[in-house]
Structure formats: C-alpha cells, structure tokens
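Structural overview
Listed below are the residues making up each chain.
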Amino acid sequence: MEGIHRAKGFEKIVEPVRLTSKSRIKFQCYPGVPCFKLCCSELYLPLTPYDILRLKRFLNLTSDEFLLRYTEPFILPKSGLPIARLKMQDNEEKTCPFLGEAGCTVYEVRPLACRYYPLGFGLFRNRDEGKNEDFFYLVKEGFCQGLESGEEITVEEYRISQGIPGLEEPIFEWAEIIMKKESLGPVEVPEKSLELFFMVSTNPERFKSFVFDTKFLDIFEVDEKELVAIKEDELRLLQFGFKWLKTVLFGENLVKRRKESPSVKKVKPF
Ligand code: SF4
Ligand code: SF4
C-alpha cells in the first residue's frame, strides 16, 4: 500500500504523438512486476455504458445498486455531458474499489480505459473524408515499469492482447453523441436533455422502464422485431437508446415519431 502512496510524486507525461493501430510500442505488464497495482489508485476513470453493463452483470447488481455503490457523476470537460466514473475508495491511497490483494477483482470485465492503459484513446471526425477515425497516445507515468520493456508490438496487437476489439463497436454511436456535442462548443444544454443522456448512458433498467412503462411507444414508432430485441437484450436496448438520443438531441430521424403522437412537452434539441 505504501507503494501506491509513493506513486503520487511521480511525473506523468502524455506523449504528444498521435499513434495509429499500426504504430509500434514497447510495453509489458505482469503480476510480478515491482510496480504491480500502482496504476490502480487516484484515478479519474470514466465508465462507458458498456463498461457499466458488463460490470453490474458480473457483480450481480442492478444498475441503481452499481451506480450507488461504485460510481460518482462526472461532467465530461469538453462536451459538458454527464456520465458516471468509478469512485475511488475513501482510504489514504484512494484505491480503485475493485483492487484486491492479488490485483483486479473484476479483471474479466475491467473497464475499457483499464484495458488500454498505458495507452489513451480518442475519436475524431475527419471532415475531408466524412468519417470518424480513432487515434491513440501513450501516457508515461513515472512509476510504471512496464514501459519500454518486453517485445515491440503494434497498438493493434496490444488491443487484441487486452480483449479490446468488440468492446468499442457497441458504443460507437454513444461516442459520436459526445463528439457532436463537443463540436457545438459551449452551448447551454437543457437540463432534461442532460438527464436523458445520463439515464441512457448509465442505467439500462431505468431506460427500459422509460420505453415500456411510459407514453414512449405512443410517441415513437418501433417495429415489433426491435421491440422484442430491446426487451430481451440490454446491449440492444443500449444501442437503441443511442439512436433515440441522436433523434431527440440532434434532430436526426433515426427513431420515427408517430404522426398522431400525444401532445407532450418535447425535449429541446441542443
Ligand atoms: S478496475 Fe481493475 S484494472 Fe481498473 S483500476 Fe480498478 S483494479 Fe485496476
Ligand atoms: S507495469 Fe504499469 S500497468 Fe503494469 S502494474 Fe506496473 S504500473 Fe501498472
């Protein structure tokens, strides 16, 4: 534990080099490494909707229970959108709540950001080609002895070794919402829109109840097949939620409104 405490004094350098999936890095981390677990404290660890889904299932908790026990709200600095982040423990070292004696106790479902470390990742809009592209960068923290050790590998090989492919695709539209909001700059966002974004991003049970137990289906037209899928599969529900958010927040026509929908107060787009 003292080791984690010591880590506070080390320097952190984010290398100003944009890496691609083909870039080569040298990094090796394993349980016997002298700095083992030093990276799992004092973190600002944002959780994606898919992180929350996988963690709460693994821990056999409802989203409400998971959010209350392990997270705190966090406002994304560029977009101003609210998400959940892991709440560090209230001990001197501010350790991650999932850090155990032998390491990560939720290793199989550890968040995306943990899998990427020491890489950071981001998405940007390539306006010339009209598509989104991802990029990576290296975060060098003084205590991490895995940097510059082991064989040289590509970023993509590292991603595969950490089980990352397949975890980002389901939240791609969610990341697009954040990027779109960032591109609008500091516009004031209606409170209701922020609440809806937070609900879809963190709480599938609440969103499911919002879809099936309110007037939602009187207002929006969802085909029978999709309705069955979102009722049975929380990941499909999430993905439907992202499409719906884009519809109500940005006016994209991804979920159709019924022509004769009841007169309800509409959410103001951003
Ligand atoms: S979730 Fe696991 S890997 Fe991530 S910070 Fe916590 S203990 Fe470390
Ligand atoms: S090598 Fe780096 S990532 Fe691995 S345990 Fe040490 S500090 Fe953490």
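Now for a description of the structure that goes with this document. (Residues numbered from 1 in each chain as written. Chains lettered and ligands numbered in written order. Predicted model: local features only at pLDDT ≥ 70, side-chain atom pairs only at ≥ 80, totals over all residues.)

1. Brief notes about the packing of helix α10 (residues 224–232) against helix α11 (residues 234–250)
- Interaxial distance between α10 and α11 falls to 5 Å at its minimum, and their mutual angle equals 120°. Between α10 and α11, the angle is such that the two are oblique. Along this stretch, α10 crosses α11, giving a crossing that reads as left-handed. Facing α10, whose interface residues are E226, A229 and I230, α11 presents R236, L237 and F240.
- A per-class count over the contact of α10 with α11 returns 4 nonpolar, no polar and 2 charged. (Axes fitted to C-alpha atoms, helices over the stretch in contact; angles between N-to-C directions. Helix = DSSP H or I, 4+ residues; strand = E, 2+ residues; numbered from the N terminus. Parallel < 35°, antiparallel > 145°, perpendicular 65-115°, else oblique. Left-handed = near helix turned anticlockwise from the far one by under 90°. Contact = placed C-beta atoms within 7 Å. Nonpolar A, V, L, I, M, F, W, Y, C, P; charged D, E, K, R; others polar.)

2. Here's the deal with unusual backbone geometry
- Cis geometry is adopted by the peptide bond preceding P118, which originates at Y117 and carries an omega value of 10°.
- Among the structural elements, P118 can be located in the loop between α4 (112–116) and β8 (119–126).
- Even without glycine at this site, E42 takes up a positive phi of about 50°.
- Within the secondary structure, E42 sits in the loop between β2 (24–27) and β3 (46–47).
- The exposure class assigned to E42 is partly exposed, which follows from the 14 C-beta atoms found within 10 Å.
- If you check the backbone angles, K94 has positive phi at about 55° while not being a glycine.
- Its location among the elements puts K94 in the loop between β5 (82–86) and β6 (99–100). (Buried ≥ 20, exposed ≤ 12 C-beta atoms within 10 Å, placed from the backbone.)

3. A closer look at the pairing of strand β4 (residues 71–75)
- By the bridge criterion, 5 bridges tie β4 to β5 in an arrangement that is antiparallel. What sits directly across from T71, in β5, is L86.
- Where β4 hands over to β5, the hairpin turn is made up of 6 residues, of which G80 adopts a positive phi near 75°. (Pairing = 2+ DSSP bridges.)

4. Points about the nonpolar core
- Counting 37 residues, the largest nonpolar core has I52, F242 and L245 as the members making the most contacts within it.
- Breaking this core down by element, the ones donating at least two residues are α2 (49–58), α3 (63–70), β5, α5 (155–161), α6 (172–184), α7 (191–202) and α11.
- The residues that make up this core include at least three from each of domain 1 (2–171) and domain 2 (188–257).
- When near neighbours in sequence (up to four residues on either side) are disregarded, I52 contacts L47, S63, F66, A84 and T202. (Core = buried A, V, L, I, M, F, W, Y, C linked by C-beta atoms within 7 Å. Domains from an automatic or database assignment.)

5. Considerations on the site of ligand 2
- In the vicinity of ligand 2, the residues found are C29, V33, C35, F36, L38, C39, Y117, F143, C144, Q145 and G146.
- Grouping the amino acids of the shell around ligand 2 by side-chain chemistry returns 9 nonpolar, 2 polar and no charged. (Near = placed C-beta within 6 Å.)

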